[in-house]
Amino acid sequence: MTPPRRLLPAVLMEELVEDILLRFPPADPARLFRAAVVCKCWRRLICSRDFRRRFREFHHRTLPLLGLIYRFRTIPGSWIEKTYFMPTSFTFRRLPSSASISDWNAIDTLHGRILFWDPAGVPLTVSPEGPPLKHFIVWSPSGVRMLPLMTLNAYTWSAALVCATAGCDHLDCTSSGAFFVIFVGKDATTTSAYVYSSEQDAWSEPVTMEDRRRDVSCVRHPGPVVGNIVYFTCLGSIEKLLAYNLSKQQLSFISLPACIDYFNSVLITVDEGKKLGFATALESKLSTWSRDDAGVHDGDAVWIQHRVFVFDKLLPSCKLSYRYHLFAATDNPGVIVVRGQDVLFILDLKSGGATKLLEGSAHSSILDIVPYICFYIPTTHGNL
C-alpha cells in the first residue's frame, strides 16, 4: 500500500508562492492580475504591504512604464486639443477611469496618481474680470480628488506631486497615502510657491522671491525630489533650475552649464547615487550630467558630464531631427521619452536601450507628454 503523500505546511507553501510571484516582471501587470484571482489566499498575499515592499526591493525600485498621457491637437494647426492615454505595456491597455480625462491637461504623476489641470473647470459664478483661477484634479485608480481653487497672477507656472508621509522610503507608497502638490508660478517681478496638503485639503500661504531678471521667462516641467527639494526646469535666455525647499520653505535658482541654451531640451534627473542631474538633447545626441558638489552657493553649481547617447546608433533606421523634447516621470527619471520631428521613442538611461513607439508624422500633433509609471494590479483597483 502506497503511503499518503505529506503535504507541505501552509506557511511554507505561501513562502514558495511569494518567492515565485516576486519574480513576475513588473511591466506585465496581467500576470499578477491572474495570480490575484486564483484564490483568496493569493489575492491577500499580493495585496499585502509586505509583498509590495519586497516586490519593489526585488526589482530594485524599477517601476514599469505602463503608458503615456499626452495632449493631442486633433486638427493640425488648430487650437482644439484633447488628452489621451497611449499604452506601452501590452497587458495594460487603458487607465481604469472614473472620470473623463480628455479635457484635462496632465502635469505630473506619482505612485499611480496623476495631477491634472482643468482649464475649463472654473465655476460660472467667478467674475471674468478677476484674477485667473487654477483648478487642479488628482486622479488615482481609487477615485478623483478636486483640489480647492487657487488664485494667482502668474503668466508661467508648473506643479509637482510629492509624497507627504514623513520618513517614507517609497517602497510601499500607494495612491491612498498623503501627498503634497507644489505649485510654482512667475510673473514679471516675483516667483511664488504654494503647497497643497491632502491631509488639510488646503493651500498654504505663498512663499515669494523677488526676481526682476529677464533670463528666466518660463517655468516648465517638474523634476524629481532630491532630499527635501523639488526642482523645476526653467526656459529663458539662460537655462536654469528652480528649486523649492520643502523644509526651509525657500525658493532659489540654480544655474546650468553655459553650453546649455534655448536650443537644448533639458530634463531633470537623479543618478544612481541620488545626486541631482539633468539630461539634454540636441543634434542626435543625448547627454547626462550630475552635480559634483552637494551644496549650491549663490545659484552656482559644478556639473560633470557623464554619458552621451547617440540616437542614430540606438535607432539606425529612424529619421532623426535637430531638436528633441524630453519627458520623464518624477518618480522614475531614468526612463526618458524622447520626441523628435519624426520619431517618438523610450530611452532607458541605465541600460542604454531604446524602444521606438511611433515613427513618421503620426505623432506630429502630440504636445506635452507625462509618462505613467507604477506597479499596478487591475483586480484590486489599486497600485503596488
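Just so you know, these numbers come straight off a predicted model, no measurement behind them.

Participant: Explain the overall build of the chain to me, please; I cannot follow it from the model alone.
Facilitator: From N to C terminus, the chain includes 5 helices and 28 strands. Roughly 19100 Å² of accessible area belongs to the chain as shown, and the carbon and sulfur atoms make up 54% of that amount.

Participant: Please explain helix α4 (residues 49-58) as it appears in this structure.
Facilitator: For an α-helix, 3.6 residues make a turn, and residues three or four places apart therefore share a direction. All of the buried residues along α4 are F51, R52, F55 and R56. In a view along the axis of α4, the buried residues occupy a sector of 130°, so they form one face of it.

Participant: Just checking my understanding: could you explain the pairing of strand β20 (residues 285-291) for this structure?
Facilitator: Regular strands place side chains that alternate from one sheet face to the opposite one. Most of β20 sits out of view: 6 of its 7 residues are buried. In terms of strand pairing, strand β19 (residues 276-282) meets β20 through 6 bridges, oriented antiparallel. Residue L282 lies in a different strand from β20, and its bridge partner there is K285. Hairpin connection between β19 and β20: a loop of 2 residues separates the two successive antiparallel strands, and E283 in this loop has a positive phi of roughly 55°. As defined by bridge partners, β20 adjoins strand β21 (residues 303-310) across 7 bridges and the pair is classed as antiparallel.

Participant: How do you make sense of the pattern of salt bridges when you look at a structure like this?
Facilitator: Any two side chains of opposite charge can pair, given that their charged atoms come close. The tally for this structure, following the rule as stated, stands at 5 salt bridges. Linking E18 and R54 is a salt bridge whose minimum nitrogen-to-oxygen distance equals 3.2 Å. Of the two residues, E18 is situated in helix α1 (residues 10-21) and R54 in helix α4; the sequence distance between them amounts to 36 residues. Residue classification places E18 among the buried residues on the basis of a relative accessible area of 9%.

Participant: When you look at the state of the cysteines in this model, what are you seeing that I'm missing?
Facilitator: In protein structure, a disulfide is the covalent linkage between the sulfur atoms of two cysteines. On inspection of all chains with the given rule, the structure shows 0 disulfides. No disulfide involves C41; its sulfur sits 5.2 Å from that of C39, the nearest cysteine. Judged by relative accessible area, which is 30%, C41 ranks as partly exposed.

Participant: What is the right way to read the sheet that holds strand β18 (residues 265-270) from this model?
Facilitator: Whenever strands of a sheet pair, they do so through backbone hydrogen bonds, lying parallel or antiparallel. Strand order across the open sheet formed by 4 strands is β18-β19-β20-β21, with antiparallel pairing between neighbours. Each edge of the open sheet is held by one strand with a lone partner, namely β18 and β21. Across the sheet, the mean angle separating the axes of adjacent strands is 25° when strand polarity is ignored.

Participant: Quick question: what am I supposed to make of the sheet that holds strand β23 (residues 332-339) here?
Facilitator: With antiparallel pairing, 4 strands are arranged side by side in an open sheet as β22-β23-β24-β25. Edge positions in the sheet fall to β22 (325-329) and β25 (354-359), since each has one partner strand and no second. Averaged over all adjacent pairs, the angle separating strand axes in this sheet is 20°, with direction ignored. As paired strands, β22 and β23 are joined by 5 bridges and run antiparallel to one another. When the bridges of β23 are listed, L326 appears paired with V338.

Participant: I keep staring at the environment of W104 and nothing clicks. Help me out?
Facilitator: Position of W104 relative to the elements: it lies in the loop between β2 (81-87) and β3 (105-110). The buried category is assigned to W104, whose relative accessible area is 7%.

Participant: Please clarify how the side chain of R71 should be interpreted in this entry.
Facilitator: As for its placement among the helices and strands, R71 is situated in strand β1 (residues 65-73). Owing to a relative accessible area of 12%, R71 belongs among the buried residues under this scheme. Polar side-chain contacts of R71 include one of 3.1 Å to the backbone oxygen of S102. Within polar-contact distance, the side chain of R71 engages the backbone oxygen of W104 at 3.1 Å.

Participant: Just to check I follow, could you spell out the packing of aromatic side chains for this structure?
Facilitator: Given two aromatic rings, one states the distance between the centres and the angle between the planes to describe the pair. Enumeration according to the criterion identifies 19 aromatic pairs in this entry. Summarising the aromatic geometry, the rings of F278 and W303 are spaced 5.1 Å apart at their centres and angled 80° between planes, so their arrangement reads as edge-to-face. Here the residue F278 occupies a position in strand β19, and W303 occupies one in strand β21, the gap between them amounting to 25 residues. Each member of the pair F278 and W303 is classed as buried. The structure contains a cluster of three or more aromatic residues connected by ring pairs, namely W117, F136, W157, F179, F183, Y194, Y196 and W203.

Participant: What is the right way to look at the environment of I69 in this model?
Facilitator: Residue position: I69 is located in strand β1. Assessed through its relative accessible area of 1%, I69 is described here as buried. For the pair I69 and D108, spaced 39 residues apart in sequence, the C-alpha separation works out to 9.8 Å. Excluding anything up to four places from it in sequence, I69 contacts T83, Y84, F85, A106, T109, I114, F116, D368, I369, V370 and Y372.

Participant: What am I meant to see in the environment of E239 here?
Facilitator: Here E239 shows up in the loop between β15 (229-235) and β16 (240-245). For E239 and S255, which are 16 residues apart along the polypeptide, the C-alpha to C-alpha distance reads 7.0 Å.

Participant: I'm lost on the confidence of the model for the chain in this one. Help?
Facilitator: Interpretation of the predicted coordinates at a detailed level should be avoided for regions scoring low in pLDDT. Averaged over all residues, the pLDDT of the chain equals 78, while 77% of them reach at least 70. By mean pLDDT, the top-scoring element of the chain is strand β12 (residues 202-203) (94), and the lowest-scoring one is strand β28 (residues 382-383) (45). Contacts for the low-pLDDT stretch residues 379-384, under 50 throughout, to residues beyond four places or in other chains number 33 contacts.

Cut-offs used in this document
Residues numbered from 1 in each chain as written. Predicted model: local features only at pLDDT ≥ 70, side-chain atom pairs only at ≥ 80, totals over all residues. Heavy atoms only, no water. Helix = DSSP H or I, 4+ residues; strand = E, 2+ residues; numbered from the N terminus. Areas by Shrake-Rupley, 256 points an atom, 1.4 Å probe, with all protein chains shown as cover. Buried < 20%, exposed > 50% of the residue type's maximum accessible area, 1.4 Å probe, protein only. Arc of directions from axis to C-beta. Pairing = 2+ DSSP bridges. Salt bridge = Lys/Arg side-chain N within 4 Å of Asp/Glu carboxyl O. Disulfide = S-S within 2.5 Å. Axes fitted to C-alpha atoms, helices over the stretch in contact; angles between N-to-C directions. Polar contact = N/O pair within 3.5 Å; in protein donor to acceptor, adjacent residues only side chain to side chain. Phe/Tyr/Trp six-rings, centres within 6.5 Å; stacked < 30°, edge-to-face > 60°. Contact = heavy atoms within 4.5 Å. pLDDT = per-residue confidence, 0-100.

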